[in-house]
Amino acid sequence: MSVVTGNTKGLKHSHKLRLEKLASKRIPARSVITQEAARQLTQISFEIGRQIGLLLDRRGDVYKLIVGDAKSILIPKLHGWRIGLGRLRGLRLVHTHLKDEALSREDFADLALLRLDLIAAVGVDQEGFPTVAYIAHLMPENPHGEIWQTLDPAPPSLLNLDFLDFVKALEDEISRSASVHAVKDMERAYLVGKTLGSEWEVEESLEELAELARSCGVQVVGSTVQRRNSVEPHFVVGKGKLKEIVIDALQKSADLLIFDTELSPAQVKSIADFTELKVIDRSQLILDIFAQRAKSREGKIQVELAQLKYALPRLSEKDNALSRLTGGIGGRGPGETKLEIDRRRIDSRITFLEGQIRGLSRNRLLRRNLRARRGIPVISIVGYTNAGKSTLLNHLTKSSILAENKLFATLDPTSRRLRFPRETEAIVTDTVGFLQDLPETLVAAFSATLDELASADLLLHVIDASNAAYEKQMNAVERLLDKLGFSHIPRVRVFNKEDLVIPEIILNMCNTYDGIAVSALNPKSFPPLISLIEGELLQSLERRERALPEHDEAPSHSGAAI
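The numbers attached to residues start from 1 for each chain and follow its sequence in the written order. pLDDT decides what is reported in this predicted model: residues at 70 or higher carry local features, side-chain atom pairs at 80 or more are listed and counted, and totals for whole chains, interfaces and linings draw on all residues regardless. To get the side-chain values, all heavy atoms of the structure are used, and hydrogens and water are removed first.

Enquirer: How should I be thinking about the overall build of the chain in this particular structure?
Expert: The number of helices and strands found in the chain is 16 helices and 17 strands. Exposure classes here rest on a 1.4 Å probe applied to the protein chains alone. A residue is buried below 20% of its type maximum, exposed above 50%, and partly exposed in between. Scored against the burial criterion, the 562 residues of the chain give a buried share of 50%. By the convention used here, residues are in contact when the closest approach between their heavy atoms is within 4.5 Å. Across the chain, every contact between residues at least 6 apart in sequence was considered, and the portion connecting residues at least 24 apart equals 67%. Carbon together with sulfur atoms contributes 51% to the accessible area of the chain, which is approximately 28,100 Å² in total. To qualify as a helix, a DSSP run of H or I must reach at least 4 residues; to qualify as a strand, a run of E must reach at least 2; elements of each kind are numbered from the N terminus. Note on areas: Shrake-Rupley with a 1.4 Å probe; residue coverage comes only from the protein chains shown.

Listed below in structure tokens is the structure:
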């Protein structure tokens, strides 16, 4: 691979030879740039009327000599120059400025995005001689200002900076700062909001994303939104905006970008190539929360299945490893790449897990049939995540299941018995919370859990009345219930957290949406709800008894495909 890269079209043969000769030079490791090398760099740059840059490693060898245009150079992808926690790239960039300008915003962006050891611009005078070198480097941490620092301009001949000692001390300081964040904060995320939709919808969704991040144990250090008429196909936001986002994220010591939309595999790759930060989307964040919360065997199977279905189309080959043979009958021939083997293994694992899910569904069906034969009615609590479903179940049934002020605190379904004043009983089941834009893979994977709703005699739809977006959340839950084929099951809308809402407002909610208000933390507010539930169950039982002569067996529910 040639060391000289960039826009070399139209250059004289003699200039190309001089560039190749310059690219073969070694700069003393302790020097940013020598006077001789700076003179050769500016002279050629002056003669061809283009900027020229040297990417130098820490030994002083030229990794790339880049030829640009009159105003800028384009740094190529730095394959093999990966960085880790608290580390710089191991490359410094020394380039020319034809009009003797100081470092530009583009220069600072390259310094930050690529985490270069330092960046230097050598001015060119009207005769092609070097003027002064403008130098900048990254700072360990500066959350209240720029993440770079400039040095006093000086002619290349008077640069007395010991580069090796300087970069070692700088990297040690950056590493210490990064280690402190790693211990204290785990991961620090910068959020990127949706580009489409009304302003209030975008802000509301971004707030929910921040709550999801906190529920995942991630610290949110910043966020931004770019309003556009359409989604940029490669970067979601504009490339210029993405550059601003990454620089702002680096200034706030973020190590993770979370997009409030589902990214395509191509978009993930484009954004990841643009920055060294880890990039995930809303769906991946939700999957991570589910993976943390799954406790039962069933929950873990469902989460793994959802993760595999999400990951399969996003597999990409990250190296050029040789093809490998699988061996045995059917494995001979040209062989398979590692990528193909990974895909085949994931397909095989998905098939296995789907079989496990079907087995779990059969077991659930047997338990439902047993309850039906015993004549015990079933109440399923549904609602938006963090609406207070588990707290309501605890106080209704005097149980102590986990109830936290977090999104998706409940993942595995839980059933408890509820005894009514008339000495009748019912089974009350808590279910996983719903969410706007819930990933399709999650809905499909949790079909066994959601199928539990099919045998319910009554759905208690718990709504967080204190949430300003309660209507949107309520509609999202009911749309998904209808989509799953549960529209025929009677529902009671329960407006929870009445103690946090002005009485006149909560009364208007109940009248408008035919609901009942409670505070899940206050059992004294339950009697009207319990009376309403008991009445609904009696009506459901009467409907079932009237239907028995017409059918030999209870209707079954096969579940709705998503």
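Enquirer: What is the right way to read the packing of aromatic side chains from this model?
Expert: Here a ring pair, both rings aromatic, is described through the centre-centre distance and the interplanar angle of the planes. Note on aromatic pairs: the rings of Phe, Tyr and Trp (six-membered ring only in Trp) are paired at centre separations within 6.5 Å, and the planes decide the class, stacked below 30 degrees, edge-to-face beyond 60, tilted for the rest. Applying the stated criterion to the full structure yields five aromatic pairs. Plain terms: the ring middles of Y470 and F495 are 6.3 Å apart, the flat faces sit at 75 degrees to each other, and that makes the pair edge-to-face. With a gap of 25 residues between them, Y470 in helix 14 (residues 470-483) and F495 in strand 16 (residues 491-496) connect regions that are remote in the sequence. Neither Y470 nor F495 differs from the other in exposure class; each is buried. The structure contains a cluster of three or more aromatic residues connected by ring pairs, namely Y470, F495 and Y513. By definition, being over a ring means that NZ of Lys or CZ of Arg is both within 6 Å of the ring centre and within 35 degrees of the ring normal. The residue whose ring lies beneath R92 is F163, and the NZ or CZ to ring-centre distance is 4.2 Å.

Enquirer: Whenever I open this one, the pairing of strand 12 (residues 378-383) confuses me. Can you help?
Expert: Working note: regular strand, side chains alternate between the two faces of the sheet. Of all six residues that make up strand 12, six are buried, and the element is covered over most of its length. Alternating positions in strand 12 separate into two faces, V378, S380 and V382 on one and I379, I381 and G383 on the other, with burial throughout. Strand pairing requires that DSSP identify at least two bridges connecting the strands. The pairing of strand 12 with strand 14 (residues 425-430) spans four bridges and is classified as parallel. If you follow I381 over to strand 14, its bridge partner there is D430. The pairing of strand 12 with strand 15 (residues 458-464) spans five bridges and is classified as parallel. Paired with G383 across the two strands is V462, which belongs to strand 15.

Enquirer: Can you help me understand the environment of D457 in this one?
Expert: Structurally, the position occupied by D457 is in the loop between helix 13 (447-450) and strand 15. Judged by relative accessible area, which is 8%, D457 ranks as buried. Sequence separation of D457 and H488 is 31 residues, and the distance between their C-alpha atoms is 9.9 Å. Counting of polar contacts relies on pairs of N or O atoms within 3.5 Å, with two restrictions inside protein: one atom must be capable of donating a hydrogen and the other of accepting it, and residues adjacent in sequence are counted only when both atoms are side-chain atoms. Looking at D457, its side chain comes within polar contact range of the main-chain nitrogen of V378, at 2.8 Å.

Enquirer: Sorry, what's going on with the pattern of salt bridges here?
Expert: Any two side chains of opposite charge can pair if their charged atoms end up close together. A carboxyl oxygen of Asp or Glu within 4 Å of a side-chain nitrogen of Lys or Arg is what we treat as a salt bridge. Per the counting criterion, the structure on display carries 26 salt bridges. Taking the shortest distance from any N to any O, the salt bridge between E47 and R18 comes out at 2.7 Å. With E47 in helix 2 (residues 35-48) and R18 in helix 1 (residues 13-23), this pair connects stretches of sequence that are 29 residues apart. You can call R18 partly exposed: its relative accessible area is 33%. Residues joined in a network through salt bridges with shared partners are R26, D57, R59 and D61.

Enquirer: Could you clarify how one ought to interpret helix 5 (residues 199-215) in this entry?
Expert: Given 3.6 residues per turn, any residue in an α-helix points the same way as the ones three and four places further on. Its 17 residues give helix 5 an end-to-end C-alpha distance of 24 Å, which sits within 8% of 24 Å, the value for a rise of 1.5 Å per residue. Buried within helix 5 we find V202, S205, L206, E208, L209, A210, L212, A213 and S215. Against strand 8 (187-192), strand 9 (218-224), strand 10 (256-259), helix 8 (282-293) and helix 14 lie the buried residues of helix 5. After helix 5 finishes, the residue G217 shows a positive phi value of roughly 85 degrees. Helix span is expected to be 1.5 Å times the residue number reduced by one.

Enquirer: What should I look at first to understand helix 3 (residues 105-114) in this one?
Expert: Within helix 3, eight of the 10 residues are buried, which leaves the element mostly enclosed by the surrounding structure. When helix 3 is considered as a whole, its buried residues turn out to be D107, F108, A109, D110, L111, A112, L113 and L114. The positive-phi residue at the C-terminal boundary of helix 3 is R115, with phi of around 50 degrees.

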